[in-house]
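# A structural walkthrough
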Amino acid sequence: MSGGGSALWRLPGLATARGYKREWLRTDVTAGLVLTALLIPAGMGYAEAAGLPAYAGLWATIVPLLAYALVGPSKILVLGPDSSLAPLIAAAVLPLAAVGDPEDALALAGILAVLVGAILVLGGFLRLGFVTELLSKPLRLGYLNAIALIVIVGQLPKLLGFSVDAPGLFEEFGEIVTSVVSGDVETVAAAMGIACLVVIMAFQRWLPRIPGVLVAVVGSIVVTALVGLDDDIGMVGALPAGLPLPQYGNIDWDDVLSLVGPAAGIALIAFADSGVLSRTFAARHGEDVDGSTEMKAIGTANIASGLFGGFPISASGSRTPVAEQAGARTQLAGVVGAVAVLVFVLVAPGVTAYLPDATLAAVVIVAATALIDIPGVVRVWRLSKIEFGLAAAAFVGVALVGVLQGILVAIGLSFVAVVAHAWQPYRTELVDLGDSGFHDVDRHPEGHRIPGLVLVRFDAPLFFANGKIFAGHIRETVARRESPVDWVIVAAEPITGLDTTAVDELVDLDRSLESSSVRLVFAELKGPIKDKLILFEVDDRFDESRFYPSVESAVEAYRNRGSTGADPLPEQIP
């Protein structure tokens, strides 16, 4: 086989096909058909939540599933429109689209998806999967709770049968309250939407094996058709005939350039969510997923979505578990689901003419509530007030300032928190516990100080912001000793970095201690850090005699310094 053909067969989907087992077929097909019940309403609902035509959600479901089945490394990951991306897409696209022109908005969303995909594919080739670590768990917690609030508030007008036009979350909520108080609620639409909410939540609570979303959607279509409600309340409308083709004629390069920044933010969020989900489900099945390969696969699926009538997508945290629980074994389950949705689009496009907007609003609201994690917020509060502050900053920033701006603010604050932690790290004096070694005096007040010796530990890299704090800690510890100090030993294993400013502080500290006849030495300092200290320090003050492989060997060297007599007696801690 030629090199090109060999490379083609190494694609994850084709590799799975080559080793496919017949006994997997039934469960894969069943899982795909079960999945279809969620793919159709969820795709349409999230499209509307993004301010796009509902039918676009179906193409953003079909095409990515087929593309990912070929190139995706995860065997059961389900891709498609997602509630966490919908507000970001709306914020990026709607301000650029012509007022009241859904086709213009959809064309911009397609370009946005292609840009998101290109960024992810490039990042995958550059092996930039680590950038998702910029979104720590507290940041994702605050972000997802804010997204849930934005989505729910945004869907309430559709649920209740009216519309609002407000620039921000608080303004939108205020208009909703005003509309409700003023009696603008459409009674029939509200009854339909609330009934669908109750049905979906009831099935989730008491009959989880039956998809309540499917029951609500089918039930609302049947009721609408039988009672003739399609002229009384807002409907999704019939799907357009034929297959989608890219239509970018009204988009200029200024619009494309305006979408690059939002595309980078969406790419970061999409891969962060997809990467975590992919690794989680792969681990459950004893498999491993390469992050860079996953990044390229998600990117390819986004490009395909943008080229064929869709918009940016990511892995679904609600539909993937459904596929797993239904017995999905391979990518074939996603292919079956995509083909089933395609058949629906081509065979029964008129069915959605009887699907109320209020029903889709109920579907999206229930899905968004799954993003709310109050126990997670409480847990972060108990574990770390700083991390809770980051989560709160992400929540407030996303909810009030804007989705992308809020995320950037939260990431910036996380960097500030890292610097603050390194600036004021934990530092302590160590005491002798005999056979147990040397440990923190605050945790072991029963330990003993060795006369004439100060043992200290500083739990952070040394750099320009904390070098003076490190030197001050040693000077203060020495000054607190009532008897004269001869040596200072730094237990240096936690020191993982060193810059030139910190080296200058060490030199000044050493000179100060030397003037008082105190010798400064280091124990367990990592080789690369020791090399830097010797290289950066121009006065050759720190030679090999200043470094010891362990705290024990440094203490022994102190005890044996120029004397063959007995060791001094331990000094009790006052």
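Here's a quick rundown of the structure. Model, not experiment: these values are computed from the prediction.

Conventions adopted
Residues numbered from 1 in each chain as written. Predicted model: local features only at pLDDT ≥ 70, side-chain atom pairs only at ≥ 80, totals over all residues. Heavy atoms only, no water. Helix = DSSP H or I, 4+ residues; strand = E, 2+ residues; numbered from the N terminus. Rg over C-alpha atoms; globule rule 2.2 N^0.38 Å. Contact = heavy atoms within 4.5 Å. Areas by Shrake-Rupley, 256 points an atom, 1.4 Å probe, with all protein chains shown as cover. Lys, Arg positive; Asp, Glu negative; His and termini not counted. Charge placed at Lys NZ, Arg CZ, Asp CG, Glu CD. Core = buried A, V, L, I, M, F, W, Y, C linked by side-chain atoms within 4.5 Å. Buried < 20%, exposed > 50% of the residue type's maximum accessible area, 1.4 Å probe, protein only. Phe/Tyr/Trp six-rings, centres within 6.5 Å; stacked < 30°, edge-to-face > 60°. Lys NZ or Arg CZ within 6 Å of the ring centre and 35° of its normal.

### Things to note about the overall build of the chain
- The helix and strand inventory of the chain stands at 22 helices and 10 strands.
- In summary, the chain has a C-alpha radius of gyration of 31 Å against a globular reference of 25 Å for 574 residues, an excess of more than 25%.
- Each of the three principal axes of the chain carries a C-alpha extent, and together these read 105 × 70 × 50 Å.
- Taking all contacts inside the chain whose residues are at least 6 apart in sequence as the whole, residues at least 24 apart take part in 80%.
- Only carbon and sulfur atoms are counted for the fraction: they give 62% of the accessible area of the chain, which is about 26,600 Å².
- Placing the 37 positive and 57 negative side-chain charges of the chain at their respective mean positions leaves the two points 9 Å apart.

### Remarks on the nonpolar core
- By size, the foremost hydrophobic cluster in this structure holds 116 residues, and its most contacted members are Met-44, Leu-88, Ile-89 and Leu-112.
- Residue contacts for Ile-89: discarding those within four places in its chain leaves Ala-50, Leu-52, Leu-94, Leu-112, Ile-266, Phe-311 and Pro-312.
- Core analysis: the second largest hydrophobic core is formed by 30 residues, Phe-470, Ala-471, Leu-513 and Ile-529 among them.

### Some thoughts on the packing of aromatic side chains
- Tallied over the full model, the rule gives eight aromatic pairs.
- On the numbers, 5.1 Å between centres and 80° between planes, the contact of Phe-458 with Phe-470 is edge-to-face. Of this pair, Phe-458 sits in strand 6 (residues 453-458) while Phe-470 sits in helix 19 (residues 467-480), placing them 12 residues apart in sequence. Of the two residues, Phe-458 and Phe-470, neither departs from the other in class, the shared state being buried.
- Ring centres 5.9 Å apart and planes at 70° place the aromatic pair Phe-522 and Phe-542 in the edge-to-face group. Taken together, the positions of Phe-522 in strand 8 (residues 519-523) and Phe-542 in the loop between helix 21 (527-536) and strand 9 (547-548) put the pair 20 residues apart, joining distant regions of the chain.
- Taking the relative accessible area as the measure of exposure, Phe-522 reaches 2% and is therefore buried.
- Looking at Phe-542, the relative accessible area reads 3%, which means it is buried.
- What links up through ring pairs into an aromatic cluster is the set Trp-487, Tyr-548 and Tyr-558.
- Here Lys-296 stacks its cationic end above the ring of Phe-125, 4.5 Å away from the centre of that ring.
- The cationic tip of Lys-385 hangs over the ring face of Trp-381; the distance from NZ or CZ to the ring centre is 4.6 Å.

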